[in-house]
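Read off the chains here:
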Amino acid sequence: MRRRELLAAAAVVFTSPLAGASPAEASTLAPLEEHLLYGTATVPKRGEVSPAGVAAEVKASRQEFRAARYDTLARNLPGRIAQAQALEPAETSATAVADLYNIATRLCIKLAEDGLVAITADRALTSARIGGDALTIAEAHRMVSSAWRRQGHLARATDIAVKAAQDVRADRRTPEAARLAAHGSLLATAAYTAAKRGDRDTAHALIGEAAETAEAGRTSTEARTDTGTQQVLLHQLSVHYLLGDAGQAIDLARTINPAALPTAERQGRFFTDVARCFDQWGKPEQCYRALLAAERAAPQELRRGAVKNLASGLLRHDRTLPGVRAFAGRAGVAVN
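Definitions and limits used
- Residue indices begin from 1 for each chain and proceed along its sequence in written order.
- Selection of residues for local features in this predicted model requires a pLDDT of at least 70, selection of side-chain atom pairs for listing and counting requires 80 or more, and totals for whole chains, interfaces and linings are taken over all residues.
- Each side-chain value is derived from all of the structure's non-hydrogen atoms; neither hydrogens nor water enter the calculation.
- Each axis is a line fitted through C-alpha atoms, and for a helix only the stretch in contact is used; angles between axes span 0 to 180 degrees, taken between their N-to-C directions.
- Each helix is a run of DSSP H or I of at least 4 residues and each strand a run of E of at least 2, with the numbering of both proceeding from the N terminus.
- Oblique is the label for every angle not falling under 35 degrees (roughly parallel), over 145 degrees (roughly antiparallel), or within 65 to 115 degrees (roughly perpendicular).
- Here a crossing is called left-handed whenever its near helix is offset anticlockwise from the far helix by less than a right angle, and right-handed whenever the offset is clockwise.
- The contact rule is simple, with two residues in contact once any of their heavy atoms fall within 4.5 Å.
- A 1.4 Å probe rolled over the protein chains alone gives each residue an accessible area, and that area as a share of the maximum for its type sets the label: buried under 20%, exposed over 50%, partly exposed in between.
- Salt bridge, as used here: a side-chain nitrogen of Lys or Arg that lies within 4 Å of a carboxyl oxygen of Asp or Glu.
- Expected helix span is computed as 1.5 Å times (number of residues minus one).
- Polar contact criterion, stated in full: a pair of N or O atoms within 3.5 Å, where within protein one must be able to donate a hydrogen and the other to accept it, and residues adjacent in sequence count only if both atoms are side-chain atoms.
- As used in this record, nonpolar core signifies buried Ala, Val, Leu, Ile, Met, Phe, Trp, Tyr and Cys residues forming a set joined through side-chain atoms within 4.5 Å.

*Asks:* Tell me about the packing of helix H3 (residues 51-66) against helix H4 (residues 70-85), residues and numbers included.
*Replies:* Two numbers describe how H3 lies on H4: the axes approach to 10 Å, and their chain directions differ by 160 degrees. In terms of orientation, H3 lies roughly antiparallel with respect to H4. The handedness of the crossing between H3 and H4 comes out as left-handed. Along its contact with H3, which presents Val 54, Glu 57, Ala 60, Ser 61, Glu 64 and Phe 65, the element H4 presents Tyr 70, Thr 72, Leu 73, Asn 76, Leu 77, Arg 80, Gln 83 and Ala 84.

*Asks:* Hey, could you go over the environment of Ala 177 for me, with residue numbers and the actual values?
*Replies:* As for its position among the elements, Ala 177 is in helix H9 (residues 176-197). Judged by its relative accessible area of 33%, Ala 177 is partly exposed. Placed 36 residues apart in sequence, Ala 177 and Thr 213 show a C-alpha to C-alpha distance of 9.1 Å.

*Asks:* So what about the packing of helix H13 (residues 264-280) against helix H15 (residues 305-314)? Which residues, and what values?
*Replies:* A packed helix pair is summarised by two numbers, namely the angle formed by the two axes and the spacing between the axes. Remark: H13 packs on H15, axes separated minimally by 10 Å, with the N-to-C direction vectors making an angle of 40 degrees. For the pair H13 and H15, the sense of crossing is left-handed. Residue-level inspection shows Thr 272, Ala 275, Arg 276 and Asp 279 of H13 in contact with H15, the latter providing Ala 306, Val 307 and Leu 310.

*Asks:* Kindly report on the pattern of salt bridges, identifying the contributing residues and their values.
*Replies:* Scanning all chains against the criterion turns up 17 salt bridges. For Lys 110, the salt bridge goes to Glu 301, with nearest N and O atoms at 3.2 Å. Pair noted here: Lys 110 is in helix H5 (residues 90-110) and Glu 301 is in the loop between helix H14 (284-297) and H15, with a separation of 191 residues, a long-range link. Where Arg 142 meets Glu 139, a salt bridge forms, and the shortest distance between an N and an O atom there is 2.9 Å. Residue Arg 142 and its partner Glu 139 are both found in helix H7 (residues 134-150); the two are separated by 3 residues, about one turn of the helix. The same class applies to Arg 142 and to Glu 139, which are both buried.

*Asks:* Account for the environment of Ala 191, with residues named and values stated.
*Replies:* Topologically, Ala 191 is positioned in helix H9. In sequence terms Ala 191 and Ile 207 are 16 residues apart; their C-alpha atoms lie 5.4 Å from each other. If sequence neighbours within four positions are ignored, Ala 191 has contacts with Ala 203, Leu 206, Ile 207 and Val 239.

*Asks:* Any chance you could break down helix H6 (residues 114-131) for me, citing the residues and the numbers?
*Replies:* Across its 18 residues, H6 extends 26 Å between first and last C-alpha, which sits within 8% of the 26 Å expected from 1.5 Å per residue. By the burial criterion, the buried members of H6 are Leu 116, Val 117, Thr 120, Ala 121, Ala 124, Leu 125, Ser 127, Ala 128 and Gly 131. On its buried face, H6 sits against helix H2 (30-38), H5 and H7. Looking one or two residues beyond H6, the residue adopting positive phi is Gly 132, at roughly 80 degrees.

*Asks:* So what's going on with the side chain of Thr 272? Which residues, and what values?
*Replies:* Tracing the sequence through the fold places Thr 272 in helix H13. Here the side chain of Thr 272 touches Gly 268 through a polar contact of 2.9 Å, landing on its backbone oxygen. Setting aside residues up to four positions removed in sequence, Thr 272 forms contacts with Ala 294, Glu 301, Arg 304, Val 307 and Leu 310.

*Asks:* So what's going on with H7? Residues and values would help.
*Replies:* Its 17 residues give H7 an end-to-end C-alpha distance of 24 Å, which sits within 8% of 24 Å, the value for a rise of 1.5 Å per residue. Counting buried positions along H7 yields 14 of 17 residues, so the element is predominantly enclosed. If you check the start of H7, you find a side-chain oxygen 3.3 Å away from the backbone N of Leu 135, and it comes from Asp 133. Positive phi shows up at Gly 152, right after H7, with a value of about 95 degrees.

*Asks:* Now, about the nonpolar core: what can you tell me, with residues and values included?
*Replies:* Ranked by internal contacts, the top residues of the largest apolar core, which has 40 residues, are Leu 29, Leu 32, Val 54, Leu 77 and Leu 107. For this core, the secondary structure elements donating two or more residues are H2, H3, H4, H5, H6 and H7. Every residue in contact with Leu 29, bar those within four places of it in the chain, is listed here: Ala 74, Leu 107, Cys 108, Leu 111, Glu 113 and Leu 116. Among the nonpolar cores identified, the runner-up in size contains 36 residues, and Ala 275, Ala 290, Leu 302 and Phe 327 belong to it.

Okay, here's the thing in structure tokens:
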């Protein structure tokens, strides 16, 4: 049923008339921010938590992010971080803490809280180095790269991701599939940043290299982030958009099956990126259809700043786009 709904949404985006959408839930990072700044979560005593219990909490956090349940994740992360910090031995604790801070960073990026991105990325890398797990360190470097990018330090951000990709691929202690998955994810992130700089040659070279390792890492259960061919295609879509190649991006998007994307978060991102491309191309109706599809796939994607900006711009077409004012309101745009 879910697959049919996604395929229908894709058909609406590219070919069909406009359709309505259901309201999106509000989202807040207040619980996480309070914990980061004031340590508000209750800290269990040493010995009251188990490695298996903490591992289950890390897994649940990843699942909540991938399901685009951002409000739930924001509420749960402080307590889960506190539990992980109480775990013994220290190395196991540090790796679990880093994994949770990596997830927290992805959440803060999603919701455009750049101040918190810098804090969570730094804590992730500090804890990851103590834990010593190569995959967690690689993902922490990817988050640090994203933090630098969001502060406008694009060359430095690209270098961080490329160096981390080289390091994790060379770590022979880690299974090859997992190393390749992390390597490809880092290179895709670097390609995105290079495209944001306008460095066309570097962006295409990096995304091409990422594609070469994507399939090998696709089925890795040890991956700390989403990997595989479809993931690289999403980054390639973003690269085309950032380089101003909207038509090329849409041609690529038509080859991507949204039902094959493994999570609601990826599906929501896909449709949001398609909307950005149509907006760049000057096609407001197709942009709006894509935003409605993103909302259906992952309602809390409306919390993203990119969605709010697009919705705000579409208001000037409110006479030809039925329901766009209500949609903009759900996205957090002040509508008179």
